[in-house]
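Chain residues, written in single-letter form:
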Amino acid sequence: MTEALAALVKRQDEAAVADSFSGALLVAKDGKVVLEKAWGLANRERKLPVTADTSFRIGSMNKMFTAVAILRLVEAGKLGLDDPIGQHLAAYPNKEMAGKVTVRQLLTHTGGTGDIFGPEFDRNRLKLKTIADYIALYGARAPLFAPGTTQLYSNYGFILLGALVEKVGGMSYDDYVEKNVFEPSGMTSTGSLPESETVPGLAIGYLNEGGRLVPNTATLPWRGTSAGGGYSTVGDLWRFVDALQAGRLISKKMLDQATSTQVQTFGLGFAVVGEGNWKGFGHNGGAPGMSGDLHVFPKLGYVLVSLSNLDPPASTRPLEFIEARLPETP
């Protein structure tokens, strides 16, 4: 493994020189960090380097936090996986959606709830400040297909999961995940504050615009949501996995269910990959100027985290490189 890590560092050194990677990597084995290293610039205008403690926008990786919040409420008996969303969101605008789409279908992207991005989002980007704002904009839509009949990745489905967290959890989504996910995990550099607030150590994202790297500021939502758009560090994401596997967030039985294949490549809010010793789970996140991947291989004992402030697949390439060199047995 020492040789594999050395080869990874060499590869990333070269990628940083070529300006194809700017970010941080963490590799842990059996609960201990064996590599945590950073490359590139967090702020190109001010020449500020990325460090292992730099926060990066993580896109859809937030969905894991939302899934855990929902599953905690399920284990507390406040929510059922097969409850239709209208059972808890009584005033939901579209009655077909309210009556037919279930919590389980939202978690597995089988509810037909559609996306949030497109012309409407672009026109309202800075007005969408709360989960209620998103529902006011998109809530009249009917399902794209009969719920449960097929799978289509849905950011709006996770907005609705956030609404359920607020309704059933009795507090704002952000307060709920802070209290019930971040604090028990020891995650001190993770959140979804509005873009108007200064987050210490947060990297600026840079998108490729005609061969030039420019800040992605004009593409960002007003703040992160239950569907994505928050920020974290490689260390905090490793602490999240550690808390998950230790049973501090949800039971190990529930974690096994959430990280086992339910529909195609998804469990309950988590992506599921591989089989045998290589069976793993995690989630990625990507948008202009941000790229993140978390891969967990429980039987092999490895946790791999990669975050970058460049376009996808900047964070994916180094994990593909190291995974091809991991031992095949624990």
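Going by the structure above, here's the rest.
Summarised in this report is the structure supplied together with it. The model shown is predicted, which means the values in this text are computed figures rather than measured ones.

The rules behind these values
Residues numbered from 1 in each chain as written. Predicted model: local features only at pLDDT ≥ 70, side-chain atom pairs only at ≥ 80, totals over all residues. Heavy atoms only, no water. Helix = DSSP H or I, 4+ residues; strand = E, 2+ residues; numbered from the N terminus. Rg over C-alpha atoms; globule rule 2.2 N^0.38 Å. Buried < 20%, exposed > 50% of the residue type's maximum accessible area, 1.4 Å probe, protein only. Areas by Shrake-Rupley, 256 points an atom, 1.4 Å probe, with all protein chains shown as cover. Lys, Arg positive; Asp, Glu negative; His and termini not counted. Charge placed at Lys NZ, Arg CZ, Asp CG, Glu CD. Expected span 1.5 Å × (residues − 1). Bend = angle between axes of the 7 residues up to and from the residue. Contact = heavy atoms within 4.5 Å. Core = buried A, V, L, I, M, F, W, Y, C linked by side-chain atoms within 4.5 Å. Polar contact = N/O pair within 3.5 Å; in protein donor to acceptor, adjacent residues only side chain to side chain. Pairing = 2+ DSSP bridges. Axes fitted to C-alpha atoms, helices over the stretch in contact; angles between N-to-C directions.

**Details of the overall build of the protein**
Move 1: Secondary structure summary: the protein contains eleven helices and twelve strands in total.
Move 2: Computed over the C-alpha atoms, the radius of gyration of the protein is 19 Å, within 12% of the 20 Å expected from 2.2 N^0.38 for a compact globule of 330 residues.
Move 3: In terms of principal-axis extent, the alpha carbons of the protein reach across some 55 × 45 × 35 Å.
Move 4: Residues counted as buried form 53% of the 330 residues belonging to the protein.
Move 5: Surface exposure of the protein reaches about 14000 Å², of which carbon and sulfur atoms provide 52%.
Move 6: Counting 32 positive and 33 negative side-chain charges, the protein places the centres of these two groups 2 Å from one another.

**Quick word on helix H8 (residues 173-185)**
Move 1: For H8, spanning 13 residues, the distance from its first C-alpha to its last is 17 Å, which sits close to the expected 18 Å at 1.5 Å a residue.
Move 2: Along H8, the sharpest kink reaches roughly 30°, centred on Lys179.
Move 3: Every buried residue of H8 is accounted for by Tyr173, Tyr176, Val177, Asn180, Val181, Phe182 and Ser185.
Move 4: Buried residues in H8 make contact with helix H2 (62-75), helix H6 (131-138), helix H7 (155-169) and helix H9 (234-245).

**Some remarks on the nonpolar core**
Move 1: Core analysis: the biggest nonpolar cluster contains 72 residues, and Phe65, Ile70, Leu107, Phe240 and Leu244 have the highest contact counts within it.
Move 2: If sequence neighbours within four positions are ignored, Phe65 has contacts with Ile58, Tyr173, Val177, Val181, Phe182, Met187, Thr190, Leu237 and Phe240.
Move 3: Counting residues in each nonpolar core, the second largest holds 18 residues, with Ala4, Trp39, Tyr302 and Ile322 among its members.

**Considering unusual backbone geometry**
Move 1: Between Pro312 and the following residue, Pro313, the backbone shows a cis peptide bond with an omega angle of 5°.
Move 2: Non-glycine residue Asp19 carries a positive phi angle of around 65°.
Move 3: Assignment of secondary structure puts Asp19 in the loop between helix H1 (2-17) and strand E1 (23-29).
Move 4: Unlike most non-glycine residues, Lys47 shows phi in positive territory, near 60°.
Move 5: Since its relative accessible area comes to 60%, Lys47 is described here as exposed.

**Considering the side chain of Thr190**
Move 1: With respect to the helices and strands, the residue Thr190 is situated in the loop between H8 and strand E6 (206-209).
Move 2: Looking at Thr190, its side chain comes within polar contact range of the side chain of Ser232, at 2.7 Å.
Move 3: Polar side-chain contacts of Thr190 include one of 2.7 Å to the side chain of Asp236.
Move 4: Among all residues touching Thr190, those that are not within four sequence positions of it are Phe65, Glu178, Phe182, Tyr231, Ser232 and Asp236.

**Overview of the sheet that holds strand E9 (residues 271-273)**
Move 1: Read from one edge to the other, the open sheet built from six strands follows the order E2-E1-E12-E11-E10-E9, with strand pairing classed as antiparallel. At either margin of the open sheet sits one strand with a lone partner, and together these are strand E2 (32-39) and E9. The mean inter-strand angle of the sheet, taken between neighbouring strand axes irrespective of direction, is 15°.
Move 2: The pairing of E9 with strand E10 (residues 280-287) spans three bridges and is classified as antiparallel. Residue pairing in the sheet places Val272 in a bridge with Phe281 of E10.
Move 3: Against the sheet, H1 engages E1 and E2, with an angle of about 15° to E2.
Move 4: Contacts from H9 reach E1, E2, E10, strand E11 (290-297) and strand E12 (302-308), with the element oriented near 150° to E12.

**Structural notes on the pairing of strand E7 (residues 212-215)**
Move 1: Pairing geometry for E6 and E7, over four bridges, is antiparallel. Note on E7: the bridge partner recorded for Tyr206 is Pro215.

**As for the environment of Gly230**
Move 1: Turning to its location among the elements, Gly230 is positioned in strand E8 (residues 230-232).
Move 2: Setting aside residues no more than four positions away along its own chain, Gly230 makes contact with Phe56, Arg57, Ile58, Gly59, Asn62, Gly191, Ser192 and Gly224.

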